[in-house]
Amino acid sequence: MARILIQNIGKIVSGKIASPFCSGDAILVDQGLIAKIGTKDSLSLEKVDQRVDAQGTVLIPGLIDSHAHPVLGDYTPRQKMVDFIDSYLHGGITTMISAGESHVPGKASDATMVKALAILCAKSFANNRPSGVKVHGGSLILEPGLTEKDFEEMARAGVKVVGEIGLGKIKEPEEARPMVEWAKKYGMTVMIHCGGSSVPGSATMGVDKIIQINPHIVSHVNGGPTAIPIADVEQLIKKTSFALEIVQCGNPRVAVDAIKMAMAAGALDRFIIGNDAPSGTGVIPLGVLRTLGLLCSFTDLKPEVAIGLATGNTAKIHGLKEGVAEEGRPADLVIMDAPMGSVGQDALEAIKVGDIPGITMVMIDGEIRVRKSRNTPQPHRECIYQ
């Protein structure tokens, strides 16, 4: 693998909301990892294969989409689109987490099928990264008939997540709770649908059911796409310790109100950001960036902290090494700047006023995958590759 020195970085966003910036203006990447974070002067004598001049722009950890609905490969039958994951990459997303492969044609409410599907998708995406993006697929959809032995077998096969409870026939607490306990016993992270029905056949999940079922993550508290009452969002923030998710394909007003409540309650460390796409709302390659702009421009949330919601927070909740700019972590990095014409002077200022920044580099595991995004606006400054 190439040794790459990224230098002349204006700001390094850490992905940690408690300490959102890293000191320094240069990063050495070696063997796919962040080897050193320091100054250009301290790293200038390092022997490298390539140098990237960031021209004073902002570097952040690769964005983690906490909520996706892939199937297999880079195709979504929901919207009949190919290469949607590649488009997400051009929106700065380097990792995606499935909330359940619910769009598989012919998917039945059958324990045998959902077990086989979870194992198939988990193994498929583990062996195949579309455009290099790390897709954590194979999130189990709960259906009647699943046993503890099934959960043990799936965990051994690499299934790590229970997708949104409520997408299958298991919807009531008395049915779901034993399965949730089995999932936790075998190390799986449990998600639950929140709000009104997303597609015909899915459940409406209110706060009382959610608390009784006891997941790790409450998906889309701002609705997927229909939100619960804001008073229920407040109850989830103040009376539970669940991780709470904001998505692009939800209710924007509730998203803003939820973040205001989270800031007042000191609960931002529990919030994560995703797309909830592909879905009926569509495929939104810039959805996470758009959500960052929405939340920052309508609240007092600082962009460098908001980025932590879409990187380090999600990594912490799912036990991932990605999502933080720190020595020894995977070199999944994005460089971006204010778009041409923005009143913002850099990417963070652009996000604060609601503009989408222009991406000028995306790196995954130390490999430069995008040199200039085809989807974001023209950046004011671009990286120089040497």
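Residues numbered from 1 in each chain as written. Predicted model: local features only at pLDDT ≥ 70, side-chain atom pairs only at ≥ 80, totals over all residues. Heavy atoms only, no water.

Novice: Provide a residue-level description of helix H8 (residues 252-265), including the pertinent values.
Specialist: Because each turn of an α-helix spans 3.6 residues, side chains separated by three or four positions end up pointing in the same direction. Between its terminal C-alpha atoms H8 stretches 20 Å, which fits the 20 Å expected from 14 residues at 1.5 Å a residue. If you check which residues of H8 are buried, you get Val 254, Ala 255, Val 256, Ala 258, Ile 259 and Ala 262. Near the N-terminus of H8, the side chain that reaches the backbone nitrogen of Arg 253, with its oxygen 3.0 Å away, is that of Asn 251. In the stretch just after H8, Gly 266 is the one whose phi turns positive, near 65°. (Helix = DSSP H or I, 4+ residues; strand = E, 2+ residues; numbered from the N terminus. Expected span 1.5 Å × (residues − 1). Buried < 20%, exposed > 50% of the residue type's maximum accessible area, 1.4 Å probe, protein only. Polar contact = N/O pair within 3.5 Å; in protein donor to acceptor, adjacent residues only side chain to side chain.)

Novice: Talk me through the nonpolar core; I want residue IDs and the actual numbers.
Specialist: Grouped burial of nonpolar side chains is what soluble globular proteins tend to show. Of all hydrophobic cores here, the largest spans 87 residues; its most connected members are Phe 151 and Phe 271. Per-element tally for this core: the top contributor is helix H3 (residues 111-127), with six residues. Sequence-distant contacts of Phe 271, defined by excluding residues within four places in its chain, comprise Val 221, Ile 237, Leu 244, Ile 246, Ala 258, Ile 259, Ala 262, Leu 309 and Asn 313. (Core = buried A, V, L, I, M, F, W, Y, C linked by side-chain atoms within 4.5 Å. Contact = heavy atoms within 4.5 Å.)

Novice: If you had to explain the sheet that holds strand E5 (residues 33-38) to someone new, which residues and values would you point to?
Specialist: Taken together, the five strands give an open sheet; going across it, the order is E5-E4-E1-E6-E21, and neighbouring strands pair in mixed fashion. Looking at which strands have only one partner, the edges of the open sheet turn out to be E5 and strand E21 (384-385). Strand direction decides the pairing type here: strand E1 (residues 4-7) and strand E4 (residues 26-30), joined by three bridges, are antiparallel. What sits directly across from Leu 5, in E4, is Leu 28. (Pairing = 2+ DSSP bridges.)

Novice: Describe in detail the environment of Ala 338, supporting the description with residues and values.
Specialist: With respect to the secondary-structure elements, Ala 338 resides in the loop between strand E18 (333-337) and helix H12 (347-352). The buried category is assigned to Ala 338, whose relative accessible area is 1%. Counting along the chain gives 311 residues from Ala 338 to Ile 27, while the straight-line C-alpha distance between them is 21 Å. Discounting chain neighbours no more than four positions away, the residues touching Ala 338 are Gly 344, Gln 345, Asp 346, Ala 347, Ala 350, Gln 378, Pro 379 and His 380.

Novice: Kindly report on unusual backbone geometry, identifying the contributing residues and their values.
Specialist: Going from Gly 224 to Pro 225, the amide bond is cis rather than trans, its omega being 5°. Tracing the backbone through its elements, the reader meets Pro 225 in the loop between strand E15 (217-218) and helix H7 (230-239). For the bond from Ala 277 to Pro 278, the omega torsion is 0°, close enough to zero to count as cis. Its place among the elements puts Pro 278 in the loop between strand E17 (271-274) and helix H9 (287-298). Look at Asn 214: it is not a glycine, yet its phi comes out positive at around 65°. Within the fold, Asn 214 resides in the loop between helix H6 (207-213) and E15. Classification of Asn 214 as partly exposed rests on a relative accessible area of 26%. One non-glycine residue with positive phi stands out, namely Asp 365, at about 50°.

Novice: Give me the lowdown on the sheet that holds strand E16 (residues 243-247), citing residues and values where you can.
Specialist: Across the sheet, five strands lie side by side as E13-E14-E15-E16-E17; this open sheet has parallel pairing. At either margin of the open sheet sits one strand with a lone partner, and together these are strand E13 (161-165) and E17. Here E16 pairs with E17 via four bridges, running parallel. The residue of E17 that forms the bridge with Ile 246 is Ile 273.

Novice: Can you tell me about the layout of surface pockets, naming the residues and giving the values?
Specialist: Of the voids in this model, the largest pocket is the one considered here, and its volume is about 480 Å³. Val 135, His 136, Gly 158, Lys 160 and Leu 320 are the residues nearest the centre of the largest pocket, which is lined by 23 residues in total. Those elements giving two or more residues to the lining of the largest pocket turn out to be H3 and strand E12 (134-136). In terms of residues, the lining of the largest pocket owes the most to one element, H3, which gives four residues. Per-class residue counts for the lining of the largest pocket are eight nonpolar, nine polar and six charged. (1 Å grid on protein atoms, 1.4 Å probe; cavity = no way out; pocket = protein on both sides within 12 Å on 5 of 7 lines; lining within 4 Å. Points joined across faces, edges and corners; volume = space filled by probe spheres on them. Nonpolar A, V, L, I, M, F, W, Y, C, P; charged D, E, K, R; others polar.)

Novice: Before we move on, can you summarise the packing of H7 against H8 with the specific residues and values?
Specialist: Across the interface, H7 lies against H8 with an axial gap of 10 Å and an inter-helix angle of 35°. Crossing geometry of H7 relative to H8 is assigned as right-handed. Note on element contacts: H8 touches H7 through Val 254, Asp 257, Ala 258, Met 261, Ala 262 and Ala 265, opposite Ile 230, Val 233, Glu 234 and Ile 237. Across the contact of H7 with H8, the residue classes tally to eight nonpolar, no polar and two charged. (Axes fitted to C-alpha atoms, helices over the stretch in contact; angles between N-to-C directions. Left-handed = near helix turned anticlockwise from the far one by under 90°.)

Novice: Lay out the side chain of Asp 332 in plain terms, naming residues and giving numbers.
Specialist: Looking at the secondary structure, you find Asp 332 in the loop between helix H11 (312-318) and E18. For Asp 332, the residues in contact, after removing those within four places along its chain, are Ile 60, Pro 61, Gly 62, Thr 94, Thr 95, Lys 134, Glu 322, Met 363, Ile 364 and Asp 365.

Novice: So what's going on with the state of the cysteines? Which residues, and what values?
Specialist: In the structure shown here, the tally under the stated rule is zero disulfides. With no disulfide of its own, Cys 249 lies closest to Cys 194 among cysteine sulfurs, the gap being 15 Å. The thiol of Cys 296 is unpaired, and the distance to the nearest cysteine sulfur, on Cys 22, comes to 18 Å. Residue classification places Cys 296 among the buried residues on the basis of a relative accessible area of 0%. (Disulfide = S-S within 2.5 Å.)

Novice: Outline the pattern of salt bridges, supporting the account with residue identities and numerical values.
Specialist: Tallying each qualifying case throughout the model produces 22 salt bridges. The residue Glu 46 makes a salt bridge to Lys 36 at a minimum N-O spacing of 2.8 Å. Of the two residues, Glu 46 is situated in the loop between helix H1 (40-43) and strand E6 (50-53) and Lys 36 in strand E5; the sequence distance between them amounts to ten residues. Classification of Lys 36 by relative accessible area gives partly exposed; the value is 37%. One salt bridge in this structure joins Lys 134 and Glu 322, with 2.8 Å as the shortest N-O distance. Taken together, the residues span a long stretch of sequence, with Lys 134 in strand E12 and Glu 322 in the loop between H11 and E18 at a distance of 188 residues. By the burial criterion, Lys 134 is buried, and Glu 322 matches it. (Salt bridge = Lys/Arg side-chain N within 4 Å of Asp/Glu carboxyl O.)

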